[in-house]
Amino acid sequence: FAVDRSLFAGELPENMSVTSTLIPPAIPSNGRSFREIAGNAAPLTYSPDLARRAYRKGMDDLQADSLAFGQILICDDPAQSMVAGYLQRTLQQYLASPIGITTLSREELMQRVRSGDYAAAVIPLTADHASPDAIFSYFRSDSFNNFTSFQNSRFENLLQSLSGAS
């Protein structure tokens, strides 16, 4: 909620565009648009007020006053520097969360992420084919692409139910 994604539009290559969902409408699944099947229940909406409320609720749930990210890890790429700088300003402005930026080679960044030695990282997710699974594979617990070791049974169950949708 805290990031105005439209600000990145001018920085993207011509073959890319800003999207309001993780999987854009043009991506097919079982012969239909993935968005037709999954719906648009969780669009990436820009709302600093919702961001503050969600952050406050999370802090209340954790019984904490603030969440210190420390450093955002980024690749030594100009586009990522721009994104991380905007993210840093946004977190500081809307969530009062101090954060720095550490620039690393892609190899070192991925090594730190795989080992769990990070609090936040900007990592572009790219799809090698037009399928929702090209992105979801980064989050499937049994996927080689899941370099963050993300695991969530609700997510796995949802993916399982979507794979059977027609």
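Refer to the structure above for everything that follows.
Quick look at the structure, then. (Residues numbered from 1 in each chain as written. Predicted model: local features only at pLDDT ≥ 70, side-chain atom pairs only at ≥ 80, totals over all residues. Heavy atoms only, no water.)

Section: the overall build of the protein
Stage number 1. On a plain count of helices and strands, the protein comes out with 6 helices and 5 strands.
Stage number 2. Walking the protein from its N terminus toward its C terminus, one meets helices and strands in the order β-β-α-α-β-α-β-α-β-α-α.
Stage number 3. A compact globule built from 166 residues would reach a C-alpha radius of gyration of about 15 Å, and the protein, at 17 Å, matches this within 12%.
Stage number 4. Among the 166 residues that make up the protein, the fraction classed as buried is 31%.
Stage number 5. Considering only residue pairs separated by 6 or more positions, the protein has 56% of its internal contacts joining residues 24 or more positions apart.
Stage number 6. Of the roughly 10,500 Å² of accessible surface on the protein, a fraction of 52% belongs to carbon and sulfur atoms.
Stage number 7. Mean positive and mean negative side-chain charge positions of the protein (13 and 17 charges, respectively) differ by 7 Å. (Helix = DSSP H or I, 4+ residues; strand = E, 2+ residues; numbered from the N terminus. Rg over C-alpha atoms; globule rule 2.2 N^0.38 Å. Buried < 20%, exposed > 50% of the residue type's maximum accessible area, 1.4 Å probe, protein only. Contact = heavy atoms within 4.5 Å. Areas by Shrake-Rupley, 256 points an atom, 1.4 Å probe, with all protein chains shown as cover. Lys, Arg positive; Asp, Glu negative; His and termini not counted. Charge placed at Lys NZ, Arg CZ, Asp CG, Glu CD.)

Digging into the side chain of Ser 33
Stage number 1. Along the chain, Ser 33 falls in strand E2 (residues 32-33).
Stage number 2. Look at Ser 33 and you get buried, because its relative accessible area is 18%.

A look at helix H4 (residues 106-115)
Stage number 1. Taken together, the buried positions of H4 are Leu 109, Met 110 and Val 113. One side of H4 carries all its buried residues, which in axial view fall inside an arc of 95 degrees. Across H4 from its buried face, at more than 90 degrees, point the exposed residues Glu 107, Gln 111 and Ser 115.
Stage number 2. Of the surrounding secondary structure, the elements contacted by the buried residues of H4 are strand E3 (70-75), strand E4 (99-104) and strand E5 (120-121). (Arc of directions from axis to C-beta.)

Description of the pattern of salt bridges
Stage number 1. Across all of its chains, the model carries 6 salt bridges by this definition.
Stage number 2. The closest approach of N and O atoms between Asp 49 and Arg 53, which form a salt bridge, is 3.0 Å. Linking Asp 49 with Arg 53, this pair stays in helix H2 (residues 48-62), spanning 4 residues, or about one helical turn.
Stage number 3. A relative accessible area of 42% places Asp 49 in the partly exposed class.
Stage number 4. Asp 60 is paired through a salt bridge with Arg 56; the nearest N and O atoms lie 3.4 Å apart. Placement of both Asp 60 and Arg 56 in helix H2 is noted, with a separation of 4 residues, approximately one turn of the helix. (Salt bridge = Lys/Arg side-chain N within 4 Å of Asp/Glu carboxyl O.)

A look at the pairing of E4
Stage number 1. Inspection of the sheet shows E3 paired to E4 by 6 bridges, in the parallel sense. When the sheet's bridge partners are listed, Cys 75 is paired in E4 with Leu 104.
Stage number 2. With helix H3 (residues 78-95) bridging E3 and its parallel neighbour E4, the resulting β-α-β unit is right-handed. (Pairing = 2+ DSSP bridges. Right-handed = clockwise from strand over helix to strand, strands pointing away.)

Quick look at the sheet that holds E3
Stage number 1. Spatially, E4-E3-E5 is the arrangement adopted by the 3 strands of the open sheet, whose pairing is parallel. Unpaired on one side and paired on the other, E4 and E5 mark the two borders of the sheet.
Stage number 2. With 2 bridges joining them, E3 and E5 adopt parallel strand pairing. Paired with Ile 72 across the bridge in E5 is Ala 120.
Stage number 3. Along the sheet face, H4 touches E3, E4 and E5 and points at about 135 degrees away from the line of E3. (Axes fitted to C-alpha atoms, helices over the stretch in contact; angles between N-to-C directions.)

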